[in-house]
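Topology and contacts: notes
So the chains spell out like this:
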Amino acid sequence: MTTASTQTSRSLAADPLALIDVDHVRFYVGNAKQAAYFYAHTFGFNISQVADLTTGSRDEADYLLTQGNIRLLLTSPLHDRHPAAEEVKLYGDGVKDVAFTVADAEAAYEQALRNGGVSDQEPRVIKDDRGTVTVASIKTYGRVVHTFVSRTGHYDIEQVKRGGSEFMPSFRKIDSPVNEYNKKNPCGLMYVDHLVGNVEEGKMDYWVQWYEDVLGFKMFKHFDDTDISTEYSALMSKVMSSGNNLIKMPINEPAEGKKKSQIQEYLEWHNMTPGVQHLALRTDDELHSVAELRRRGVDFLSLPDTYYELVWDRVNTMLKQHGHEAVKEDHAKIKDLGILVDADDEGYLLQLFTKPLQDRPTLFFEIICRRGSQSFGKGNFKALFEALELEQERRGNL
Ligand code: FE2
């Protein structure tokens, strides 16, 4: 006799779209060799592996950067017929691919197509005598794709994580003095907590439905424009979460305001094409991570000092109401480092946002630490948007 719970675990095991990990996040960049040093020096990523002309890769150069369980793949085209050449021209540097490790990439891809997804690349098996990597991609918003990756033998994700294996057959491990420096001066970034997309006005609900239908994601939290707005600019956001909560993918659209929404500014500098707005990288020690990143020259958004006149009352009152302990990190150090704090019924979080990572006001990073709270810092949005508007004004985009 089969019980309900064994049926559930069987159907979970049989779900070809069950995500095992964020395999990697691929950026298309103008100059991967140089970008690798930027992310290594400023954010503490190791320059771990390369696939380029020296490894027989004649169309693109790829640098694998690693920190904790984060794998960034920086890709530059080696000639003008490579699709990255066109995309870098149109959008500048940014995220191309949010790739998921699955048990069987071909099965995941076929299931996503049956669910209404659109193919970007049909399944391909990359192999040598040590193992295989199978990849297949579907299109999501704008130019972004999701690649399903399944790995066997030497290329198993656990072995790649431990640094024991090459990322794929064409890759070669490299060492760099910056890796040694990073080992002595860790930034403490552990994994991708969430990844946010900006889509056009009126398109948020379409993409929410898409993530439900095609990938089986569920809606996690919901904010509307009364939550997230200042006098001038506004956005609407819904958070989609993968079935196993491996990753959350909020989707933003611009909302009506007196001045230009930050989402609209992004779209205008991104050839009016949706794309990834920010990657939130999780740390277990916000103060250490932010102090180290600041020391390395990371540019963070700064908030007016008045923020700290109000924040402790707001946050600690909320925590007390719900029976949680107050924020344990040193309040004065939080203020010195310019870190933001927010709380909800489950606990609190510490977060901070970088300025754009390239000259266009498009992609940025968030450094986040959760102490029970599973939300996204809603209480900070007003203060944050005022700071963002100041930056937009400096860029002449308000
Ligand atoms: Fe975020």
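Everything below is about the structure shown above.
What comes next is a walk through the structure. Position labels on residues start from 1 in each chain and follow its written sequence. It should be noted that, the model being predicted, local features are given only for residues of pLDDT at least 70 and side-chain atom pairs only at 80 or more, the latter also being counted only at that level, while totals for whole chains, interfaces and linings use all residues. Side-chain measures were taken over the full set of non-hydrogen atoms in the model, leaving aside hydrogen atoms and water.

What follows covers the overall build of the protein chain. On a plain count of helices and strands, the protein chain comes out with 12 helices and 17 strands. Every radius of gyration here is taken over C-alpha atoms, with the globule rule written as 2.2 Å times N^0.38, N being the number of residues. In terms of overall dimensions, the protein chain is globule-like: its C-alpha atoms have a radius of gyration of 21 Å, near the 21 Å expected for 398 residues. Taken along the three principal axes of its C-alpha coordinates, the protein chain extends 60 × 60 × 40 Å. Looking at the protein chain residue by residue over its 398 residues, the buried ones come to 55%. Contacts between residues were defined by any pair of non-hydrogen atoms, one from each residue, lying within 4.5 Å. If you take every contact in the protein chain between residues at least 6 apart in sequence, the share linking residues at least 24 apart comes to 67%. Only the protein chains shown count as cover for residues, with accessible areas throughout obtained via the Shrake-Rupley method and a probe of 1.4 Å. Total accessible area computed for the protein chain in this model is approximately 17,600 Å², and 49% of it derives from carbon and sulfur atoms. Think of it this way: Lys and Arg go in the positive column, Asp and Glu in the negative one, and His and the chain ends go nowhere. The atoms used to mark charge sites are NZ of Lys, CZ of Arg, CG of Asp and CD of Glu. If the 46 positive side-chain charges of the protein chain are averaged to one point and the 60 negative ones to another, these points end up 4 Å apart. Strands are runs of DSSP state E lasting at least 2 residues, helices are runs of H or I lasting at least 4, and numbering of each runs from the N terminus. The classification of residues rests on relative accessible area computed with a 1.4 Å probe and restricted to protein chains. Under 20% of the type maximum is buried, over 50% is exposed, and intermediate values are partly exposed.

A separate point is the nonpolar core. What we call a nonpolar core is a set of buried Ala, Val, Leu, Ile, Met, Phe, Trp, Tyr and Cys residues that are connected through their side-chain atoms within 4.5 Å. If you look at the biggest cluster of nonpolar residues, it comprises 95 residues, and the most contacted ones within it are Phe27, Tyr39, Leu74, Phe148, Leu215, Leu279 and Phe365. A total of 7 residues in this core trace back to one element, the largest contributor, which is helix α7 (residues 204-215). Both domains that meet at this core, namely domain 1 (4-184) and domain 2 (189-395), each give it at least three residues. Not counting the four nearest positions on each side in its chain, phenylalanine 148 is found in contact with Leu17, Phe100, Val102, Ala105, Ala108, Tyr109, Ala112, Thr134, Val135, Ala136, Ile138 and Leu215. With 12 residues, the next largest nonpolar core counts Ala99, Val133, Val160 and Phe167 among its residues. Each domain's limits were defined by an automated method or a database of domain assignments.

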